[in-house]
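Residues per chain, in single letters:
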Amino acid sequence: MASKAAKSSTFAWQGTNKRGQKTDGEMNGVNMALVKAQLRKQGINPTKVRKKQASLFGSKKKKRITSADITLFIRQMATMMKAGVPLVQSFDIVSDGLDNLTLKELISTIKIDVASGTNFASALRKHPRHFDDLTCNLIESGEQSGALETMLERLATYKEKSETLKKKIKKAMTYPIAVIVVAIVVTGILLVKVVPTFEELFHGFGAELPAFTQLVINMSDFLQAWWLIFVAALIVFIFAFREAKLRSQKVSDAVDRFVLKIPVTGEILIKSIYARFARTLSTTFAAGVPLVEALTSTAGATGNIVYSTAVERIREDVSTGQQLNFSMRNTNVFPNMLIQMTAIGEESGALDDMLDKAADFYEEEVDNAVDNLTALMEPMIMVVLGVIIGGLIVAMYLPIFKMGAVI
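Residues numbered from 1 in each chain as written. Predicted model: local features only at pLDDT ≥ 70, side-chain atom pairs only at ≥ 80, totals over all residues. Heavy atoms only, no water.

When helices and strands are counted, the chain shows 15 helices and three strands. A globule of 407 residues ought to have a C-alpha radius of gyration of about 22 Å, yet the chain, at 30 Å, is considerably larger. For the chain, the spread of C-alpha atoms along the principal axes amounts to about 100 × 70 × 45 Å. Expressed as a percentage of contacts within the chain between residues at least 6 apart in sequence, the contacts between residues at least 24 apart total 59%. Total accessible area computed for the chain in this model is approximately 23,500 Å², and 60% of it derives from carbon and sulfur atoms. Charge centroids of the chain, computed over 47 positive and 40 negative side chains, lie 11 Å from each other. (Helix = DSSP H or I, 4+ residues; strand = E, 2+ residues; numbered from the N terminus. Rg over C-alpha atoms; globule rule 2.2 N^0.38 Å. Contact = heavy atoms within 4.5 Å. Areas by Shrake-Rupley, 256 points an atom, 1.4 Å probe, with all protein chains shown as cover. Lys, Arg positive; Asp, Glu negative; His and termini not counted. Charge placed at Lys NZ, Arg CZ, Asp CG, Glu CD.)

As structure tokens, this is what we get:
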């Protein structure tokens, strides 16, 4: 008979690292002996290890680590380093101010690796789900050049601007979806709850109903009979589409191409890609990363197959000695303004500065476009809902109007 797997518990520990510095943290393990052994493997001499007691009301639910959490972590680390706080101690200070237990555990793991002699970038690379290649490469560049404090500051600024841009795009996409959802919900409620009441009233008239009224009643009958199947089919479609997008590269690429062609929102997405391209390339190039390697990180940061493929082509051209602005022009996907600013930057030797200005320009363009879309969508919501609700009310009252005309 197979024995049951031992249950893992959380242990709080204190100890000293290879330099003799005091350190502490938490670690999951089956028992205290295994936790101590694991700590010794990481170069830490444990002086105190105790099992954490479970809360009377159950353990707190762990939150997912978001990109905004990582951005906050990097900003706080940059602030600590700028204030002259040692790297390992910075982890403790940052972790103490967090409420997200999952993020606290992640920082504790990184701290243990760094305290045991691993460099900061290598410790982050063990967690690719939360720290992308761009982040790790920039931090590694900062460590090698002895300018980790400056690089963390630059990386934090980059990520904050990226998060701001992401929120603007999300805001732009949310409004159209909200209009559609509200319209569908209101229409469904009226057809299922309100129209049947009028239908019972019309049966007593004994007269032929207007075509518009009959159409609405038929829609109501259909929805009442098939609403459950309709909702189930919608849920299945959404789930299947999501899985297909995650599992099939062809579907994902097709979606990327389609969203760029959507009126208004597609234009906002394109401008946001220009901003991300310029900002990422500016940040990596200013950090001393060679242009070809910087373009590799930039390709992934575009977030769309059309532009990531274009950047890969640019990287190949640049690696053969071609100028960046000529390579960008050959792709036929970048605007003339961005190409011209890149050319000026290459000629003047201030490519990172010109790209940074271009990123500022396109981020402002996205900001203005989102504000305009928001201002436009507010009256559109009223118009759409007014037409739907007004149309259904007119359809229901047409027979009553006709009776009044006859009388």
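Under the criterion given, the structure shown has 14 salt bridges. As a salt-bridge pair, Glu 153 and Arg 75 come within 3.0 Å of each other at their nearest N and O atoms. Pair noted here: Glu 153 is in helix H7 (residues 148-203) and Arg 75 is in helix H2 (residues 67-82), with a separation of 78 residues, a long-range link. On the basis of relative accessible area, Glu 153 is assigned to the partly exposed category, the value being 27%. In this structure, Arg 279 and Asp 360 form a salt bridge, with 2.6 Å as the shortest nitrogen-oxygen distance. (Salt bridge = Lys/Arg side-chain N within 4 Å of Asp/Glu carboxyl O. Buried < 20%, exposed > 50% of the residue type's maximum accessible area, 1.4 Å probe, protein only.)

So, on to the packing of helix H13 (residues 324-331) against helix H14 (residues 336-348). At their nearest, the axes of H13 and H14 sit 8 Å apart, and the two run at 165° to each other. The angle between H13 and H14 falls in the class roughly antiparallel. Where H13 crosses over H14, the handedness of that crossing is left-handed. In this structure, H13 contributes Leu 324, Asn 325, Met 328 and Arg 329 to the contact, and H14 contributes Asn 336, Leu 338, Ile 339, Gln 340, Thr 342, Ala 343 and Glu 346. Tallied by class, residues from the contact of H13 with H14 come to five nonpolar, four polar and two charged. (Axes fitted to C-alpha atoms, helices over the stretch in contact; angles between N-to-C directions. Parallel < 35°, antiparallel > 145°, perpendicular 65-115°, else oblique. Left-handed = near helix turned anticlockwise from the far one by under 90°. Nonpolar A, V, L, I, M, F, W, Y, C, P; charged D, E, K, R; others polar.)

A low pLDDT score tells you not to read the predicted coordinates there in detail. Summing up the model confidence of the chain, the mean pLDDT is 82 and the portion of residues at 70 or higher is 93%. Here residues 1-6 scores under 50 on pLDDT; set against residues more than four positions off or in separate chains, the count is one contact. (pLDDT = per-residue confidence, 0-100.)

Each strand in a sheet pairs with another by means of backbone hydrogen bonds, the pair being arranged parallel or else antiparallel. Here three strands make up an open sheet; going across it, the order is E2-E1-E3 and the pairing antiparallel. Of all the strands in the sheet, the pair left with one neighbour each is strand E2 (22-29) and strand E3 (45-51). Strand-to-strand twist of the sheet, defined as the mean angle between neighbouring strand axes without regard to direction, takes the value 25°. Bridge count for strand E1 (residues 9-16) against E3 is six bridges, and the pairing is antiparallel. (Pairing = 2+ DSSP bridges.)

Pairing of E1 with E2, which is carried by eight bridges, proceeds in the antiparallel orientation. Counted as the bridge partner of Trp 13 is Gly 25 from E2. From the end of E1 to the start of E2, which pair antiparallel, there are five residues, and Gly 20 there has a positive phi angle of about 85°.

Residues apart from glycine generally show negative phi values, whereas peptide bonds are mostly found in trans. Despite not being glycine, Val 264 has its phi angle at roughly 65°, a positive value. Considering the arrangement of structural elements, one finds Val 264 in the loop between helix H9 (249-259) and helix H10 (265-286). Overall, Val 264 belongs to the partly exposed group, its relative accessible area being 48%.

Attention now goes to the packing of aromatic side chains. Within this structure, the stated rule accounts for eleven aromatic pairs. Both rings, one in Phe 91 and one in Phe 120, keep their centres 5.5 Å apart while their planes meet at 80°; by these two values the pair is edge-to-face. You can see Phe 91 sitting in helix H3 (residues 87-96) and its partner Phe 120 sitting in helix H5 (residues 120-125), a full 29 residues away along the chain. For the pair formed by Phe 91 and Phe 120, the shared burial category is buried. (Phe/Tyr/Trp six-rings, centres within 6.5 Å; stacked < 30°, edge-to-face > 60°.)

Our focus in this paragraph is a nonpolar patch on the surface. Together, Trp 227, Leu 228, Phe 230, Val 231, Leu 234, Ile 235, Phe 237, Ile 238 and Phe 241 line one region of the surface with nonpolar side chains, adding up to about 940 Å² of accessible area. Summarising the element assignment, Val 231 is placed in helix H8 (residues 211-247). (Patch = residues over 30% accessible without salt bridge, like charges linked within 9 Å, V, L, I, M, F, W, Y side chains within 5 Å.)

Here we come to the environment of Ala 278. Of note, Ala 278 is situated in helix H10. For the pair Ala 278 and Thr 342, spaced 64 residues apart in the sequence, the C-alpha separation amounts to 9.1 Å. Residues contacting Ala 278, with those up to four places away along its chain left out, are Leu 338, Leu 355, Ala 358 and Ala 359.

Attention now moves to the side chain of Ser 116. Relative to the helices and strands, Ser 116 is located in the loop between helix H4 (101-115) and H5. Side-chain polar atoms of Ser 116 contact the backbone oxygen of Asp 113, separated by 2.7 Å. (Polar contact = N/O pair within 3.5 Å; in protein donor to acceptor, adjacent residues only side chain to side chain.)

Attention now moves to H2. Here H2 is 16 residues long and its end C-alpha atoms lie 23 Å apart, about the 22 Å a rise of 1.5 Å per residue gives. Every buried residue of H2 is accounted for by Asp 69, Ile 70, Thr 71, Phe 73, Ile 74, Arg 75, Met 77, Ala 78, Met 80 and Met 81. The inward-facing, buried residues of H2 contact H3, H4, H5, helix H6 (133-145) and H7. Positioned one or two residues after H2, Gly 84 has a phi angle of 90°, which is positive. (Expected span 1.5 Å × (residues − 1).)

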